[in-house]
Amino acid sequence: MPQPDHYTDPSDRAPDRNVQAGAAGETGVLLVNLGTPEAPTARALRPYLAEFLSDRRVIDYPRWRWWPILQVILAIRPRRSAHAYARIWTEAGSPLRVLSEALAGALQAELAGQARVALAMRYGAPSVAAAIAGLQAAGVRRLLVLPLYPQFSATSTGSVIDAVADALKQLRWPPELRLINDYHDDPAHVEALARRIERWWETHGRGDKLLLSFHGIPERYVRLGDPYLAQCQATTARLRERLGLDETQLLLSFQSRVGREPWLQPYTDATVRRLAGEGVQRLDVACPGFAVDCLETLEEIAMQNRDFFLAAGGQEVRYIPALNDSPEQVASLAAIVRRHAQGWPGFAPADRRPLP
C-alpha cells in the first residue's frame, strides 16, 4: 500500500543514539514560522507552493476537486510569485528567513542557561522534523513549541501542530511536549505592538488613520469553528484601548485573499481605496498578525496597497514594520516561554496548590 511522504518503516529507523535512557536533558524551544522559497525564482517557488497549497489545513477541498486546480496554479503562479519575492529579496536572502533567524538568535541570548532555541519553517527549510531531530540529538528532553502566529488559526498554528505530531511519530523516545496555542491578547505582546507604533509615530509623525491588516482566511473556516476572527478582533480592541483610539481612528481589515469564495472582510485593498476616496491622505498600516516582516507586509502592503491608495487619490501609505527581533518582541516572547515552561528545570515552579 502506498505510504505518505513522511512515512518511515519502523524497521528502517535508526535508534535515537544521542538520547540516553534516564538522562535529564535540556529544555528546547522551537519557533515555527510559515516558510519561504530558497530563491526568488519560479523554479524555487514551485516546490514551495506545492507543499504549502497541498496542506489540507490550508485548502480543505476534496482532493479530486483541488488536485486539477492546483496543477493549473503551479503552472502559472510560481512566475508571478517570483516577481513579487524579487521585489523584497535582500543580499542576505529572504526577509522572513533572515528576520526569523535574528529573532531566534536574540531569544536564545535572552534564554541562555534556561533553554536551547531552534527555528523551523512549516514549509520549506529547515523543516519542523529536521529541527526537532536536531534538538533531540542535542539532548533536549522537554520541548516547548511556539508558532510565530499570535492569533490561532487551523490554517497556521493547526498546521504546525500536525507537523510536530508527524515528526514525533518518527522518534523512539519523543520529548515531553508543550505547545503555545496563541498569544493574541498577551499583555506584554500587546504592549510591544503599542510601543512599536508609538515610537514610529514619534519619528515619522501620525497619519490620518491607523489600519491594522491581518492575513485573511475563508469565512467558511470561521463558521466551522476557527477562532481566528475573534482573536484578530481581540488584538485590535486591546490596541485601541492601549493607544487611546476609537473605531474611526483605528480600523481592522484582512489581506491576501485568493480564490472566489468569500474571505474575512473588510478586505484591505478595498479598505485603502475607500479611505482614499473619503479624503484620507496619510494612512498608517501595521500588520499585528505577522511576527516578522515578509512578502505579505513588505510587498503586498508597502507596495501593492500603497499603489491602490495612491491611485484612489490618497497621498501616502506608511507601513509600520513588524516587531521582528526588537527588544520588545524578544522580551515578550521570553516571558511567554517562561510562563508556559513553569515547573521544568531552570524555570519557576508550577503552582502545586491543591484544588479547592
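Residues numbered from 1 in each chain as written. Predicted model: local features only at pLDDT ≥ 70, side-chain atom pairs only at ≥ 80, totals over all residues. Heavy atoms only, no water.

1. Side note on the sheet that holds strand β3 (residues 140-147)
Consideration 1: Judged by pairing direction, the sheet is parallel, and its four strands sit side by side in the order β2-β1-β3-β4 without closing on themselves. Whereas interior strands pair on both sides, the edge strands pair on one side only; in this sheet they are β2 (116-123) and β4 (176-179). In this sheet, adjacent strand axes meet at a mean angle of 25 degrees when their direction is disregarded.
Consideration 2: As paired elements, strand β1 (residues 26-35) and β2 share seven bridges and run parallel to each other. Among the inter-strand pairings, V32 is bridged to a residue of β2, identified as A120.
Consideration 3: Strand contacts of helix α1 (residues 42-53): β1 and β2, with the helix running at about 90 degrees to β2, the strand carrying the most contacts. (Pairing = 2+ DSSP bridges. Helix = DSSP H or I, 4+ residues; strand = E, 2+ residues; numbered from the N terminus. Axes fitted to C-alpha atoms, helices over the stretch in contact; angles between N-to-C directions. Contact = heavy atoms within 4.5 Å.)

2. Focus on the packing of aromatic side chains
Here a ring pair, both rings aromatic, is described through the centre-centre distance and the interplanar angle of the planes.
Consideration 1: In this structure the tally under the stated criterion is four aromatic pairs.
Consideration 2: Between F52 and Y123, the ring centres sit 5.1 Å apart and the planes meet at 70 degrees, which makes this aromatic pair edge-to-face. Here F52 is found in helix α1, whereas its partner Y123 is found in strand β2, with 71 residues between them in sequence. For the pair F52 and Y123, one class covers both residues: buried. (Phe/Tyr/Trp six-rings, centres within 6.5 Å; stacked < 30°, edge-to-face > 60°. Buried < 20%, exposed > 50% of the residue type's maximum accessible area, 1.4 Å probe, protein only.)

3. Brief notes about the environment of L31
Consideration 1: The residue L31 is located in strand β1 in this model.
Consideration 2: Separated by 14 residues in sequence, L31 and L45 have C-alpha atoms that sit 23 Å apart.

4. Section: the sheet that holds strand β5 (residues 209-215)
Consideration 1: The sheet built from four strands is open, its strands ordered β6-β5-β7-β8 with parallel pairing. Looking along the sheet, the strands with just one partner apiece sit at the ends: β6 (250-255) and β8 (316-319). The sheet shows a mean angle of 30 degrees between the axes of neighbouring strands, direction not considered.
Consideration 2: Pairing of β5 with β6 involves six bridges; the strand directions are parallel. Within β6, the residue paired with F214 across the bridge is F254.

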